[in-house]
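# Coordinate analysis (summary)
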Amino acid sequence: MREAWKSIREELLRRSVEGEEFISISDDSMSRINSALSSMPKGEDSVPGEPLTGNKRIPPQDDVKEIEFASEINISLDSPSDAMRRKKVLINGNSDFKIAPIPSPTPFTLPDGDKISRWNALRDIVLGDPVCKEHLKPGKKVVFGVGNLDAKIFFCGEAPGADEEIQGEPFVGRAGQLLTKIISAMGIARGDVYIGNIMNWRPELPTSRGNRPPTEEEMAYCLPYLKAQIEIVNPQVVVALGMTAVNGLLGVDPSRRMGKVRGKWASFEGRDLMITYHPSFLLQYGSKTTKRLVWEDMMLVMERTGIPVSEKQRSFFL
Ligand code: URA
């Protein structure tokens, strides 16, 4: 029963992250949930022991902040996107903190030559870009992509976080460690792929803690730098990690839902694009089901890029 409840909770969280705010539950299902809940022990993974009735508010749990049951059951979860939306409002309404205006992308040209000299030239341009540098807190670094310039797979994340802006390298924090594990599970090494981000700087916040998604203008400023890296590396497949990466690459579309677009081949500038969940999402809501979804996406990438998938790999997270 506990497993069943955990699955329901995870599915609700996943759907909430994808933007769904309400679900409908029939009276019959509601009464079954109630009788299941009343027989469950209280504990870390349990739900409140009190049975639910219409208009019942359940006390907040750790990541499920509020579940409100109204006449037609509305389940409202505090998903990262909700939290981010609230934070955005707060930032925008906070007179002490303004996101600096972003100019149009700075035009640049790369020298002719081999991949390494073009990549080095691009790296110098990005690391020296005054707009990128202007957004850094003292002592922090502009972050440029890393990896194999002949990689078949180009992972594209969102933006540097606290660890990345210290080290000046993408995906070196907890999410990065998970990404590295995913890459190893594919039977390849981190050094076999290329890893970049939509953003070259960490979107600023009034505090040094937390992250916020980049604005459209911020993403538009950095996009030419990402595109140039993709052009130099010339990968067979780009993997967009999370919705911000998708928005950065394909343009913001508020009606886009992760559950609908992930696991399907899309296209970015004529290249195969696989969309999957961001490793941070897995760190927060890493149910076996969600891990399996990401893994299925990675198996598609492996197949498309000619990486053999063993029987053992096929059964991961089943
Ligand atoms: N998340 C990202 O999207 N990129 C990073 O570099 C680190 C965390």
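Coordinates for the structure precede this section.
The notes below deal with the structure included here. Starting from 1, residues in each chain are numbered consecutively following that chain's sequence as written. Local features are withheld for residues below a pLDDT of 70 in this predicted model, meaning they are given only at 70 or higher, and side-chain atom pairs are given and counted only at 80 or more; totals for whole chains, interfaces and linings count all residues. The basis for the side-chain values is all heavy atoms of the structure; hydrogens and waters are excluded.

### A word on the packing of aromatic side chains
For any pair of aromatic rings, the description rests on two quantities: the centre-to-centre distance and the angle between the ring planes. Stacked, edge-to-face and tilted are the three classes for Phe, Tyr and Trp ring pairs, Trp counted by its six-membered ring, which pair at centre distances within 6.5 Å; planes under 30 degrees apart are stacked, over 60 edge-to-face, the rest tilted. Evaluation of the coordinates by the stated rule reveals 9 aromatic pairs. Arranged with centres 5.2 Å apart and planes meeting at 45°, the rings of Phe-108 and Tyr-225 form a pair that is tilted. Here Phe-108 is found in the loop between α3 (80–93) and α4 (115–128), whereas its partner Tyr-225 is found in helix α8 (residues 216–233), with 117 residues between them in sequence. Buried residues are those whose accessible area, probed at 1.4 Å on protein chains only, stays under 20% of the maximum for their type, while exposed residues exceed 50% and partly exposed ones sit between those limits. We classify Tyr-225 as buried; its relative accessible area is 2%. Each ring, one from Trp-201 and one from Tyr-221, has its centre 6.1 Å from the other, and the planes form 50°; the classification is tilted. Within this pair, whereas Trp-201 is found in the loop between β5 (194–197) and α8, its partner Tyr-221 is found in helix α8, the two being separated by 20 residues in sequence. Judged by its relative accessible area of 0%, Trp-201 falls in the buried class. Through a chain of ring-to-ring contacts, the aromatic side chains of Phe-108, Trp-201, Tyr-221 and Tyr-225 assemble into a single cluster. Going along the chain from the N terminus, every DSSP run of H or I of four or more residues is numbered as a helix, and every run of E of two or more is numbered as a strand.

### Structural notes on the pattern of salt bridges
A pairing counts as a salt bridge when a side-chain nitrogen of Lys or Arg comes within 4 Å of a carboxyl oxygen of Asp or Glu. For the structure on display, the rule yields 11 salt bridges. Here Arg-292 and Glu-296 are joined by a salt bridge, their closest N and O atoms 2.9 Å apart. Of this pair, Arg-292 and Glu-296 are both found in helix α12 (residues 288–304), 4 residues apart, which corresponds to roughly one turn of the helix. Taking the relative accessible area as the measure of exposure, Arg-292 reaches 12% and is therefore buried. Through salt bridges with shared partners, a single ionic network connects Glu-204, Arg-212 and Glu-218.

### Details of the site of the ligand
Contacts to the ligand come from Gly-157, Glu-158, Ala-159, Glu-164, Pro-170, Phe-171, Asn-197 and His-278. Counting of polar contacts relies on pairs of N or O atoms within 3.5 Å, with two restrictions inside protein: one atom must be capable of donating a hydrogen and the other of accepting it, and residues adjacent in sequence are counted only when both atoms are side-chain atoms. For the ligand, an oxygen atom lies 2.8 Å from a polar atom in the side chain of Asn-197. Within the side chain of His-278, one N or O atom sits 2.8 Å away from an oxygen atom of the ligand. Here a residue counts as near a molecule or strand whenever at least one of its heavy atoms sits within 4 Å of it.

As far as function goes, none of this settles anything; it's purely spatial.
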